[in-house]
Amino acid sequence: NAGVTQTPKFQVLKTGQSMTLQCAQDMNHNSMYWYRQDPGMGLRLIYYSASEGTTDKGEVPNGYNVSRLNKREFSLRLESAAPSQTSVYFCASTLGRRFMNTEAFFGQGTRLTVV
Amino acid sequence: GENVEQHPSTLSVQEGDSAVIKCTYSDSASNYFPWYKQELGKGPQLIIDIRSNVGEKKDQRIAVTLNKTAKHFSLHITETQPEDSAVYFCAASPSGSARQLTFGSGTQLTVLP
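A short tour of the structure in this document, coming up. (Residues numbered from 1 in each chain as written. Chains lettered and ligands numbered in written order. Predicted model: local features only at pLDDT ≥ 70, side-chain atom pairs only at ≥ 80, totals over all residues. Heavy atoms only, no water.)

1. Focus on the overall build of chain A
Spelled out, the test is: Helix and strand labels come from DSSP, where a helix needs a run of H or I of at least four residues and a strand needs a run of E of at least two; each type is numbered from the N terminus. The atom set for the radius of gyration is the C-alpha atoms, and the globule formula is 2.2 Å times the number of residues raised to the power 0.38. Only heavy atoms enter the contact rule, under which two residues are in contact if any of them lie within 4.5 Å. Throughout, the Shrake-Rupley method with a 1.4 Å probe supplies accessible areas, and for residues the shown protein chains are the sole cover considered. Asp and Glu count as negative and Lys and Arg as positive, but His and the ends of the chain are not part of the count. Throughout, a charge is located at the NZ atom of Lys, the CZ atom of Arg, the CG atom of Asp or the CD atom of Glu.
A tally of helices and strands in chain A yields zero helices and 11 strands. Along chain A, from the amino end to the carboxyl end, the secondary structure elements read β-β-β-β-β-β-β-β-β-β-β. Taken over C-alpha atoms, the radius of gyration comes to 13 Å for chain A, in line with the 13 Å a tight globule of 115 residues would show. In terms of overall dimensions, chain A has a C-alpha envelope of 40 × 30 × 25 Å along the principal axes. Taking the intrachain contacts of chain A between residues at least 6 apart in sequence as the baseline, contacts between residues at least 24 apart amount to 56%. Entry remark: accessible area of chain A is about 5,300 Å², with carbon and sulfur atoms responsible for 48%. Measuring between centres, the 12 positive side-chain charges of chain A sit 3 Å from its 8 negative side-chain charges.

This is the structure:
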């Protein structure tokens, strides 16, 4: 049982390039999330998908797009990468919609550097 | 919106000693307070949480206390072990939903053998 799997683990992009971060979970969870983690700032929510077919903006959505491809997969796309998007990105999933009532499981992260 | 401040940013303790990490929050409507542990190269993992109708919660060597009047909550780890070394994050939410979950900036705990 792999849990939440993110690919790639590391990536270096040039400013202006695009890329997609992939996330898949095998726990039959309904809700999925993308966070970014920057030094001294904790985790900030970029986008989330409460259920298959829906997506909503989080705290810092600018410069990103997401796709909930199916119940298992939730991808994050950077259309034109900027140095400010250098960060560690985490995908998470929960069975229910509220962290209060259901444990969140996180992937191992993708370390992205934009030069 | 909610603002969560976490202290200290780094903490070193001797193996066997206790460690305390403190967080304050600003939104009086917050009623869900989880703590996450992040080991090197891994994603955060929930270790304990507390809700506003409870003042203290324990799970073996870990305990969390909540003071709603003062708007602060703390993580207590007793009899620390080297495997407790990690980054710890507190968070607060008025609804328990991810959209409203605000994280603290993290505490790097190092347990010295």
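Here the narrative resumes.
2. With respect to the packing of aromatic side chains
Aromatic ring pairs: the centre-centre distance and the angle between the two ring planes describe each pair. The condition is simple: Classification of ring pairs rests on two measures: the distance between centres of Phe, Tyr or Trp rings, Trp counted by its six-membered ring, which must be within 6.5 Å, and the angle between planes, read as stacked under 30 degrees, edge-to-face over 60 and tilted in between. Note on exposure labels: buried denotes an accessible area under 20% of the residue type's maximum, exposed denotes more than 50%, and partly exposed covers the range between, all computed with a 1.4 Å probe on protein chains only.
In this structure the tally under the stated criterion is 10 aromatic pairs over all chains. Taking 5.9 Å as the distance between ring centres and 85° as the angle between the ring planes, the aromatic pair formed by tyrosine 35 of chain A and phenylalanine 103 of chain B counts as edge-to-face. Of this pair, tyrosine 35 of chain A sits in strand S4 (residues 31-37) while phenylalanine 103 of chain B sits in strand S10 (residues 102-103), on two different chains. Residue tyrosine 35 of chain A shares its accessibility class with phenylalanine 103 of chain B, and that shared class is buried.

3. Topic: the sheet that holds strand S7 (residues 62-67) of chain B
Residues and elements named next belong to chain B. Counted only if it meets this: DSSP calls a pair of strands paired once it identifies at least 2 bridges connecting them. A fitted line through C-alpha atoms serves as each axis, taken over the contacting stretch for helices, and the angle formed by two N-to-C directions is quoted from 0 to 180°.
Pairing is antiparallel in the open sheet, where five strands are placed in the order S1-S3-S8-S7-S6. Only two strands of the sheet have a single neighbouring strand rather than two, namely strand S1 (4-7) and strand S6 (56-59). Neighbour-to-neighbour, the strand axes of this sheet turn through a mean angle of 15°, independent of strand direction. Here four bridges tie S6 to S7, and the two strands are oriented antiparallel to one another. For glutamate 56, the partnering residue across the bridge sits in S7 and is threonine 65.

4. Considerations on the state of the cysteines
Residue and element names in this part refer to chain B. Short version of the rule: A pair of cysteine sulfur atoms is labelled a disulfide when the two atoms are within 2.5 Å.
Counted under the stated rule, the structure contains two disulfides over all chains. Note that cysteine 23 is cross-linked by a disulfide to cysteine 90, the S-S spacing being 2.0 Å. Looking along the S-S bond of the cysteine 23-cysteine 90 disulfide, the torsion reads about -100°, which is the left-handed sense. On the criterion of sequence distance, the pair formed by cysteine 23 in strand S3 (residues 19-25) and cysteine 90 in strand S9 (residues 86-92) is long-range, its members being 67 residues apart. When sorted by exposure, cysteine 23 lands in the same class as cysteine 90, which is buried.

5. With respect to the side chain of threonine 107 of chain B
Residues and elements named next belong to chain B. Stated precisely, the cut-off is as follows: We call two N or O atoms a polar contact when they sit within 3.5 Å, provided that within protein one can donate a hydrogen and the other can accept it, with sequence-adjacent residues counted only if both atoms are side-chain atoms.
Structurally, the position occupied by threonine 107 is in strand S11 (residues 107-112). At 2.5 Å, the side chain of threonine 107 forms a polar contact with the backbone oxygen of proline 8. In this structure threonine 107 touches Gln6, His7, Pro8, Ser9, Leu11, Ile21, Ala86, Val87 and Tyr88, once residues within four positions along its chain are discounted.

6. Some words on the interface of chain B and chain A
Rules: As used here, buried area is the combined drop in accessible area, with a 1.4 Å probe, of two parts when they are placed together. A pairing counts as a salt bridge when a side-chain nitrogen of Lys or Arg comes within 4 Å of a carboxyl oxygen of Asp or Glu. Side-chain classes follow a simple rule in which Ala, Val, Leu, Ile, Met, Phe, Trp, Tyr, Cys and Pro form the nonpolar group, Asp, Glu, Lys and Arg form the charged group, and the remainder, Gly included, forms the polar group.
In this assembly, 20 residues from chain B lie in contact with 21 residues from chain A. Between chain B and chain A the total buried area reaches about 1,700 Å² when both faces are included, carbon and sulfur atoms providing 58% of it. Its largest share of buried area at the contact with chain A, chain B owes to Ala98, Arg99 and Phe103 of chain B, together 29% of the area lost on that side. Scanning the region where chain B abuts chain A turns up zero salt bridges. At the junction of chain B with chain A, the criterion picks out three residue pairs in polar contact (both at pLDDT 80 or more). Broken down by secondary-structure element, the contributors of at least two residues to the side of chain B that touches chain A are strand S4 (32-38) and strand S5 (45-51) of chain B. For the side of chain B that touches chain A, the leading source of residues is S4 of chain B, giving three residues. Looking at the side of chain B that touches chain A, its residues break down into eight nonpolar, nine polar and three charged.

7. Some details on the pairing of S7 of chain B
Residue and element names in this part refer to chain B. In this antiparallel pair of consecutive strands, S6 and S7, the connection spans two residues, and glutamine 60 shows a positive phi of 60°. As judged from the six bridges shared by S7 and strand S8 (residues 72-77), these two strands associate in the antiparallel manner. Paired with threonine 65 across the bridge in S8 is serine 74. The hairpin formed by S7 and S8 contains four residues between the paired strands, and lysine 71 there has a positive phi angle of roughly 60°.

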